[in-house]
Amino acid sequence: MSFISERSATVAPFRVMKILGAAHKRDDALVLCVGQPATSAPTPVIRSAHHWLDAHTLGYTPTLGIPELRQKIAEYHNANPDNVVVTTGSSGAFVALFLAVLDPGDTIVMTRPGYPAYRNTLAALGAHIIDLPCGPDTRFQPTVDKLAHIQPTPRAVIVTSPDNPTGTIIDLEELRRIAGWCEEVGCLLISDEIYHGISYGRPCASARDYSHRAVTVGSLSKYFSMTGWRLGWLIVPDDLVEPLENLEANLALCPPAISQYAALEAFTPESRVELDAHVADYARARDVLLQELPSMGLGNFAPPDGGFYLYIDISHLTDDSEQWCDQLLHDTGVAIAPGVDFDPIDGHKYVRVSFCVSLETIRAACDRLRQWLG
Ligand SMILES: Cc1ncc(COP(=O)(O)O)c(C=O)c1O
């Protein structure tokens, strides 16, 4: 007899993790399949973590996060600390937020391609997901014109900018229009801004610059280079604070204490210098890829405006990106992600390359790819 719920049985696996597992079995692997900075947390954060470990008991903290950290996050976003909810990674933020704003069967719109955990978490929670196909014509980002066609009006829409897997940043005027449309029709705008701080020239705005009804999602994982510390946050309108506090008190009790105290140092000028140097490294890695990939026939990608991903159309080479990635890894040790995780319909034509790795790794991967492709 099985006790697996119908909902959880429908949750798809994350294929990136399968590729990563296979890559870790090889000594010569070049891992360009995960969105995780190769660098550690900033030095002041690590120093501070040592101090807090030695000096404090580190029990539960307030559910919404320690007031000092809520204050720092509020300053970072130019928001009111009362509207900040600190969570266990932005992944924890999404679960709590979805539970707070959606009833089973409520509709929520996400872009396709898009970050797979939205889809999988929403499916597990019984939400009705509407895919918004977004291609090169809109730089893989949603537009009001596309949203306005959805009937009846959805309860919520997720915008991700800079995006995963495409790296595109939504046009500021379009974000303003979407924020206005959401207010007008009564749709909650959820803005995933966890890649903010990593961009390559194109301006990037917060949805809350345009609407105080919007929810901003943030994280220490990407720009702050602190994936394993599991800290994220929500900036929410006043009426959502209490329901989220009630939910979080049951889901998590509180975010990790040691991470919260140490993270107070993540926002200091000393840390920011270190973190900005990582962004400069990503920019160099991106430059190498922008130069190398087209010359080996892999030049059909979305403009990588921010974050650290390139989403490449490989339809001229295969119609099975998963098999292609498996073969590439097998033959060369280069691990990249098949598009099927991000797009269940057209992802078989795409692959995603992560470039938050060292320049040597990028160069070596390009050499092996070029040789493999002939
Ligand atoms: C777009 C996007 N949102 C959210 C997350 C979750 O990140 P975390 O839980 O580490 O904050 C990721 C992770 O890669 C992501 O790419």
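The structure presented is a predicted model; accordingly, all values stated were derived computationally and were not measured.

## What about the sheet that holds strand β6 (residues 188-192)?
- Reading across from one edge, β2-β8-β7-β6-β5-β3-β4 is the order of the 7 strands in this open sheet, with mixed pairing throughout. The open sheet has two edge strands with one neighbour each: β2 (84-87) and β4 (128-133). Between one strand axis and the next, the sheet turns through 25 degrees on average, direction left out of account.
- Pairing analysis gives 4 bridges linking strand β7 (residues 215-219) to strand β8 (residues 232-235), with the strands arranged antiparallel. Paired with Ser219 across the bridge in β8 is Gly232.

## Looking at the UniProt feature "domain: Aminotransferase class I/classII large" (unreviewed entry) in the chain
- Look at the UniProt record and you will see "domain: Aminotransferase class I/classII large" (unreviewed entry) annotated at residues 29-369.
- The span residues 29-369 shows a helical share of 40% and a strand share of 15%, and its end C-alpha atoms are spaced 13 Å apart.

## Focus on the pattern of salt bridges
- All chains considered together, the criterion is met by 21 salt bridges.
- The salt bridge partner of Asp341 is Arg15, with a shortest N-O separation of 3.5 Å. With Asp341 in the loop between β11 (337-338) and β12 (350-354) and Arg15 in helix α2 (residues 15-24), the pair connects residues that are 326 residues apart, well separated along the chain.
- The class for Arg15 is partly exposed, based on a relative accessible area of 24%.
- A salt bridge links Arg284 to Asp281; the nearest nitrogen and oxygen atoms lie 2.8 Å apart. Here Asp281 and Arg284 lie together in helix α11 (residues 269-295), a separation of 3 residues that amounts to about one turn.
- Sharing partners across several salt bridges, the network here consists of Arg112, Arg119, Asp131, Asp343, Asp346 and Lys349.

## Comments concerning the environment of Asp239
- By secondary structure assignment, the location of Asp239 is in helix α9 (residues 238-251).
- Sequence separation between Asp239 and Ala214 is 25 residues, and the spatial gap between their C-alpha atoms is 12 Å.

## Observations regarding empty space enclosed by the protein
- Inspection of every chain in the model, using the stated rule, returns 4 cavities of 30 Å³ or more.
- Of the pockets and cavities examined, the largest cavity occupies roughly 60 Å³.
- If you trace the largest cavity, you find it lined by Tyr76, His77, Glu193, Ile194, His196, Val217, Gly218, Ser219, Tyr223, Phe224 and Trp233.
- Sorting the residues of the lining of the largest cavity by element identifies α4 (67-77) and β7 as the ones contributing at least two each.
- Take the lining of the largest cavity: its biggest share by element is 3 residues, from β7.
- Of the residues belonging to the lining of the largest cavity, the class tally is 6 nonpolar, 4 polar and 1 charged.

## A few points about α9
- When the terminal C-alpha atoms of α9 are compared, their 20 Å separation across 14 residues agrees well with the 20 Å that a helix rising 1.5 Å per residue should span.
- Among the residues of α9, Leu240, Val241, Leu244 and Glu248 are the ones counted as buried.
- Buried residues in α9 make contact with β2, α5 (89-101), β7 and β8.
- Count one or two residues on from α9 and you reach Leu253, which has phi positive near 65 degrees.

## Re the packing of helix α3 (residues 43-55) against α11
- Where α3 contacts α11, the axes come no closer than 8 Å and their chain directions differ by 130 degrees. Taken together, the axis directions place α3 and α11 in an arrangement best described as oblique. On α11, the residues touching Thr43, Pro44, Val45 and Arg47 of α3 are Glu270, Ser271 and Glu274.

## Some remarks on the packing of aromatic side chains
- Across all of its chains, the model carries 20 aromatic pairs by this definition.
- Between Tyr76 and Phe267 the ring centres are 5.6 Å apart and the planes differ by 65 degrees, which places this aromatic pair in the edge-to-face class. Placement of the pair is Tyr76 in helix α4 and Phe267 in the loop between α10 (257-263) and α11, with a sequence separation of 191 residues.
- Taking relative accessible area as the criterion, Tyr76 reaches 27% and is therefore assigned partly exposed.
- Phe267 gets classed as buried once you look at its relative accessible area, which sits at 13%.
- Their ring planes at 75 degrees and their centres at 5.3 Å tell us that Trp324 and Trp372 sit as a pair that is edge-to-face. On the criterion of sequence distance, the pair formed by Trp324 in helix α12 (residues 321-332) and Trp372 in helix α13 (residues 359-373) is long-range, its members being 48 residues apart.

## A short note on the site of the ligand
- Inspection of the region around the ligand gives 14 residues, with Ser91, Asp192, Tyr195, Ser219 and Ser221 positioned closest.
- Between the ligand and the protein, one listed contact pairs a nitrogen atom with a side-chain N or O atom of Asp192 at 2.7 Å.
- Residue Ser219 places a side-chain N or O atom 2.7 Å away from an oxygen atom belonging to the ligand.
- Relative to its free-state accessible area of 400 Å², the ligand is covered by the protein chains to the extent of 92%.
- Cavity membership is defined here by more than half of the atoms lying within 2 Å of grid points; on that basis the ligand lies in the largest pocket.
- Looking at which element gives the most residues to the shell around the ligand, the answer is α5, with 3 residues.
- Looking at the shell around the ligand, its residues break down into 4 nonpolar, 7 polar and 3 charged.

Scoring rules and cut-offs
- Residues numbered from 1 in each chain as written.
- Predicted model: local features only at pLDDT ≥ 70, side-chain atom pairs only at ≥ 80, totals over all residues.
- Heavy atoms only, no water.
- Pairing = 2+ DSSP bridges.
- Helix = DSSP H or I, 4+ residues; strand = E, 2+ residues; numbered from the N terminus.
- Axes fitted to C-alpha atoms, helices over the stretch in contact; angles between N-to-C directions.
- UniProt positions renumbered as here; feature names shortened; annotations may be inferred.
- Salt bridge = Lys/Arg side-chain N within 4 Å of Asp/Glu carboxyl O.
- Buried < 20%, exposed > 50% of the residue type's maximum accessible area, 1.4 Å probe, protein only.
- 1 Å grid on protein atoms, 1.4 Å probe; cavity = no way out; pocket = protein on both sides within 12 Å on 5 of 7 lines; lining within 4 Å.
- Points joined across faces, edges and corners; volume = space filled by probe spheres on them.
- Nonpolar A, V, L, I, M, F, W, Y, C, P; charged D, E, K, R; others polar.
- Expected span 1.5 Å × (residues − 1).
- Contact = heavy atoms within 4.5 Å.
- Parallel < 35°, antiparallel > 145°, perpendicular 65-115°, else oblique.
- Phe/Tyr/Trp six-rings, centres within 6.5 Å; stacked < 30°, edge-to-face > 60°.
- Near = heavy atom within 4 Å.
- Polar contact = N/O pair within 3.5 Å; in protein donor to acceptor, adjacent residues only side chain to side chain.
- Areas by Shrake-Rupley, 256 points an atom, 1.4 Å probe, with all protein chains shown as cover.
- Sits in = over half its atoms within 2 Å of the grid points.

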